[in-house]
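# Results of the structural survey
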Amino acid sequence: MRILVVEDERLLAAGLRNGLGAEGFAVDVALDGTDGLWMARENPYDAIVLDIMLPGVSGYAICATLRSEGIWVPIIMLTAKDGEWDEVEGLDAGADDYVTKPFSHAVLVARIRAQLRRGAHERPSVLEAGDLRLDPAARRVWRGEVEVGLTARELALLEFLLRRRGEVVSKREILEHVWDYDFEGDRNIVEVYVRHLRNKLDRPFNRMAIETLRGAGYRLAENGG
């Protein structure tokens with residue numbers, strides 16, 4: 001399995017190359033963000049170990065750029081010891097996992113192997129269906145170039161529908177994921193919030209993104225309507 005390590009601390013980078021190599025990985029090293037981004041774009045890596053603070057291009061920017069270009073290789077970010085918000089921003093940018101410095105070599109190897117077992121699959125940081133876009137981290141929604149304000153519950157419902165776009169989802173599934181499993185209120189609350197989304201995201205733009213399938217549930221069109 002081929003691993004890319006993007007780390008500007010030369011001693012740490014050399015240690016990672018040697019340690020991962022001893023575990024049977026083929027390891028390439030980039031010492032700055034510019035080279036790291038270029039190598040990640042040009043080579044079919046099985047995983048990337050990515051520092052956050054890099055000269056040239058930051059780890060956040062590398063991760064977000066790769067995800068925006070449809071490159072879904074597993075990314076494990078290296079964060080500072082007290083970098084709680086580093087972890088949050090890294091995961092929101094599309095990283096799969098993080099390891100805090102200083103870290104155990106055995107833990108890093110285990111995290112890499114766990115990601116390799118899962119493999120590369122689509123995990124966009126911004127959810128899209130046609131010109132309908134949702135940034136879950138920023139809690140912002142756009143229809144084309146127009147930003148649309150949604151409540152927290154409306155955002156949660158739209159996120160669920162976008163993650164299952166093209167699929168039929170039942171009221172029960174929506175209630176369990178957007179409200180909670182023990183919700184005991186009126187199940188028609190789903191219809192109310194679907195209507196809210198239609199009134200904000202469809203009707204003003206002459207679209208029909210959310211389809212009702214009588215007796216089955218709802219489906220968000222893959223092309224956003």
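The protein chain is annotated in an unreviewed UniProt entry as Response regulator transcription factor of Nonomuraea marmarensis.

What follows is about the overall build of the protein chain. The number of helices and strands found in the protein chain is 8 helices and 12 strands. Its C-alpha atoms give the protein chain principal-axis dimensions of roughly 60 × 35 × 30 Å. Intrachain contacts of the protein chain at a sequence separation of at least 6 include 57% that bridge at least 24 residues. Only carbon and sulfur atoms are counted for the fraction: they give 48% of the accessible area of the protein chain, which is about 11,800 Å². Here the protein chain holds 30 positive side-chain charges and 38 negative ones, and the gap between their average locations is 5 Å.

A few words on the pattern of salt bridges. Counted according to the given criterion, the structure contains 18 salt bridges. A salt bridge links Glu147 to Arg140; its shortest N-O distance comes to 2.8 Å. Judged by relative accessible area, which is 41%, Glu147 ranks as partly exposed. Residue classification places Arg140 among the partly exposed positions, given a relative accessible area of 36%. Residues joined by salt bridges that share partners form a network here, namely Glu7, Glu9, Asp51 and Lys101.

Taking strand neighbours across the sheet as the criterion, the 3 strands line up as β10-β12-β11 in an open arrangement whose pairing is antiparallel. The open sheet has two edge strands with one neighbour each: β10 (168-169) and β11 (210-213). Sheet analysis places β10 next to strand β12 (residues 217-220), joined by 2 bridges and oriented antiparallel. Within β12, the position partnered with Val168 by the bridge is Arg219. The strands touched by helix α8 (residues 189-202) are β11 and β12; relative to β11, the strand with the most contacts, the crossing angle is about 145°.

Reading the values: the criteria
Residues numbered from 1 in each chain as written. Predicted model: local features only at pLDDT ≥ 70, side-chain atom pairs only at ≥ 80, totals over all residues. Heavy atoms only, no water. Helix = DSSP H or I, 4+ residues; strand = E, 2+ residues; numbered from the N terminus. Contact = heavy atoms within 4.5 Å. Areas by Shrake-Rupley, 256 points an atom, 1.4 Å probe, with all protein chains shown as cover. Lys, Arg positive; Asp, Glu negative; His and termini not counted. Charge placed at Lys NZ, Arg CZ, Asp CG, Glu CD. Salt bridge = Lys/Arg side-chain N within 4 Å of Asp/Glu carboxyl O. Buried < 20%, exposed > 50% of the residue type's maximum accessible area, 1.4 Å probe, protein only. Pairing = 2+ DSSP bridges. Axes fitted to C-alpha atoms, helices over the stretch in contact; angles between N-to-C directions.

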